[in-house]
There are 2 protein chains.
Amino acid sequence: MGSVDHPTRRRADAVANRDALLAAARALFAARGLDVSYDDISRSAGVGRATLYRHFPTREHLHDALLDGIVGQIEAAADALPDEPASFAELFRAALRVQTDNLAFYDLFPARGELGDAVLRRRARIVGAFREPLARAQDARIVRAGLTPEDVRIQLLMLSAVVRPDVAEADRRRAWALARLALGIEDEPARG
Amino acid sequence: MGSVDHPTRRRADAVANRDALLAAARALFAARGLDVSYDDISRSAGVGRATLYRHFPTREHLHDALLDGIVGQIEAAADALPDEPASFAELFRAALRVQTDNLAFYDLFPARGELGDAVLRRRARIVGAFREPLARAQDARIVRAGLTPEDVRIQLLMLSAVVRPDVAEADRRRAWALARLALGIEDEPARG
């Protein structure tokens, strides 16, 4: 009984519950779309409905947490890459993979309307993840001069229009080639 | 009475009614979103509901006609331009203006799911509009070598992600600059 009430254990349980709920929501959204019920999510996570509501009082809280997790994947990719000029192109490719892996969540992104604080915070995090890798690539002149981290964010936003289930693989390749040309990065080593 | 039943007059009336209905639908969709009622559209066009249903039996017919009209604007821009190398970049800018002018119809475009014949037909028309202008620009080497009309369509699709009411003007400029770099076209004359 003592251990159940121990604050550290309680905190660890809360983190585990939150992770289980997010994993369940991610899987159910991907499989069945975004209107899966809170009942189904809590059941699938093996966690009570009250716990789900405590962690995510509204769907907006749940969506925000999932979107924060996606941005976290880009930040994790940035952290895992070495401090080398080539890491910029590698991070851009990683961000594209994160987009592709999260196709099912496309609809979660606010398509229009007011820009919430959460959206601006995620944008700033994406820009932040690219800042140093881009600066290193620019010092080494293996990326277009004058490119800014905001440009990179906008190029990713443009690519989100083709990283969608209804866009053919050939068209995604075209889009990726156009993005490379815009950023001035190469897939193969440059030829003299 | 005779003139009312004259086939040419009847056809002219039908075309005028159809144009009035499309103009009314365009204005109402832009002002109030896509769930405007058929009653409101026919009233605003000054045309009977039966006539609206005869021209556009379902909302899909109406949306298709509006989208065909948007593609028609790009084709009209292509037709109006002289057979000169510079017309490619001009046509691309015109297509972007068409996108911007039709922001309100963004939601009409099928976001995902099956590709209807109408969608494929519109794609082919966009590609067709760019084919000759692109070939002329390539002959004059004022566009990236190897660029295809399909690439141009994909770049326009990517730009549709930023030609939206919720994207800041500064970000649209960034996107346009990236697109220019990808296509290899210039806004200002090239410097030696």
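Residues numbered from 1 in each chain as written. Chains lettered and ligands numbered in written order. Predicted model: local features only at pLDDT ≥ 70, side-chain atom pairs only at ≥ 80, totals over all residues. Heavy atoms only, no water.

Draft legend 1. Layout of the overall build of chain A. Summing up its helical and strand segments, chain A has nine helices and zero strands in all. Scanning chain A from its N terminus toward the C terminus, one meets helices and strands in the order α-α-α-α-α-α-α-α-α. A buried classification covers 41% of the 192 residues belonging to chain A. By sequence separation, contacts in chain A at least 24 residues apart represent 65% of the contacts at least 6 residues apart. Just so you have it, chain A exposes about 10,300 Å², and 53% of that area is on carbon and sulfur atoms. (Helix = DSSP H or I, 4+ residues; strand = E, 2+ residues; numbered from the N terminus. Buried < 20%, exposed > 50% of the residue type's maximum accessible area, 1.4 Å probe, protein only. Contact = heavy atoms within 4.5 Å. Areas by Shrake-Rupley, 256 points an atom, 1.4 Å probe, with all protein chains shown as cover.)

Draft legend 2. Seen up close, the pattern of salt bridges. All names here are of chain A. Taken as a whole, this structure holds 32 salt bridges over all chains when the rule is applied. Salt-bridge contacts for glutamate 150 lead to arginine 153; the nearest nitrogen and oxygen are separated by 3.0 Å. Of the two residues, glutamate 150 and arginine 153 both sit in helix 8 (residues 149–159), three residues apart, roughly one turn of that helix. Because the salt bridges share partners, they merge into one network encompassing Asp64, Asp68, Glu75, Arg121, Arg122 and Arg125. (Salt bridge = Lys/Arg side-chain N within 4 Å of Asp/Glu carboxyl O.)

Draft legend 3. Structural view of the relation of the copies chain B and chain A. Mapping chain B onto chain A is achieved by rotating through 180 degrees and translating by 0.0 Å along the same axis, at an RMSD of 0.0 Å. Such a turn and shift between the copies fits a two-fold axis. An overlap of 100% is found between the interface residues of chain B and their copies at the interface of chain A, pointing to a shared contact surface. (Least-squares fit on C-alpha atoms with pLDDT ≥ 70 in both.)

Draft legend 4. Spatial organisation of the confidence of the model for chain A. Residue and element names in this part refer to chain A. Mean pLDDT over chain A: 88, with 89% of residues reaching 70 or higher. Confidence drops under a pLDDT of 50 for residues 188–192, and excluding neighbours within four residues, the segment shows zero contacts in the predicted structure. In the model output, the complex is listed with pTM 0.84 alongside ipTM 0.82. (pLDDT = per-residue confidence, 0-100.)

Draft legend 5. Local environment of the side chain of Arg153(A). Judged by relative accessible area, which is 9%, Arg153(A) ranks as buried. Reaching out from Arg153(A), the side chain makes a polar contact with the side chain of Glu150(A) at a distance of 3.0 Å. Setting aside anything within four residues of it in sequence, one finds Arg153(A) in contact with Arg123(A), Val127(A) and Asp171(B). (Polar contact = N/O pair within 3.5 Å; in protein donor to acceptor, adjacent residues only side chain to side chain.)

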